[in-house]
Amino acid sequence: MGKSPGGDRGRGGDRYAKGVPVPKRAFAAAGALGLQAFPLPAAVSGEGADAVTWGRALEEIGYLCADPAFPIVVSIHTGVASLLCATGNEHLVDAYAVPISRGECLPALAFSAP
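Criteria and cut-off values
Residues numbered from 1 in each chain as written. Predicted model: local features only at pLDDT ≥ 70, side-chain atom pairs only at ≥ 80, totals over all residues. Heavy atoms only, no water. Phe/Tyr/Trp six-rings, centres within 6.5 Å; stacked < 30°, edge-to-face > 60°. Helix = DSSP H or I, 4+ residues; strand = E, 2+ residues; numbered from the N terminus. Buried < 20%, exposed > 50% of the residue type's maximum accessible area, 1.4 Å probe, protein only. Salt bridge = Lys/Arg side-chain N within 4 Å of Asp/Glu carboxyl O. Axes fitted to C-alpha atoms, helices over the stretch in contact; angles between N-to-C directions. Left-handed = near helix turned anticlockwise from the far one by under 90°. Contact = heavy atoms within 4.5 Å. Nonpolar A, V, L, I, M, F, W, Y, C, P; charged D, E, K, R; others polar.

**What to know about the packing of aromatic side chains**
The final tally for this structure, using the stated rule, is two aromatic pairs. Each ring, one from Phe-38 and one from Trp-54, has its centre 6.1 Å from the other, and the planes form 50°; the classification is tilted. Residue Phe-38 is located in the loop between helix H2 (24-33) and helix H3 (51-64), and its partner Trp-54 is located in helix H3; the two are separated by 16 residues in the primary sequence. Residue Trp-54 is classed as buried on the basis of its relative accessible area, which comes to 9%.

**A look at the pattern of salt bridges**
Taken as a whole and assessed by the stated rule, the structure comprises one salt bridge. Of the charged contacts, one joins Glu-104 and Arg-102 as a salt bridge, the two residues approaching to 4.0 Å between their closest N and O atoms.

**Notes on the packing of H2 against helix H4 (residues 70-86)**
Interaxial distance between H2 and H4 falls to 11 Å at its minimum, and their mutual angle equals 65°. Every pair of crossing elements has a handedness; the one defined by H2 and H4 is right-handed. Taking contact as the criterion, the partners of Ala-26, Phe-27 and Ala-30 in H2 are, on H4, Phe-70, Val-73, Val-74 and His-77. Residues of the contact of H2 with H4, tallied by class, amount to six nonpolar, one polar and no charged.

Below, the structure is given as structure tokens:
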């Protein structure tokens, strides 16, 4: 069996070693396929998948994907979109959750310590 594209670090290893994020085009493609909308409510063109179904979908993507970070990052993105939907604030949903589900907008999280 040959070496993976990431060398000894595994798939995606070169990208990680260089500090390069998952390409934006991957999220645009996921959005176009409806993947990022899958766990979201039908009101925002989602499928309303429950947590178990969504988890199994992410697991399968992880097995098939050449980039092991991709399903984790998609999960974070959809988690942010889900929280925005849960607020019930129409502006937040329209301005952020829907574009996230389409792969048109990439959310970010920031943490700080005291």
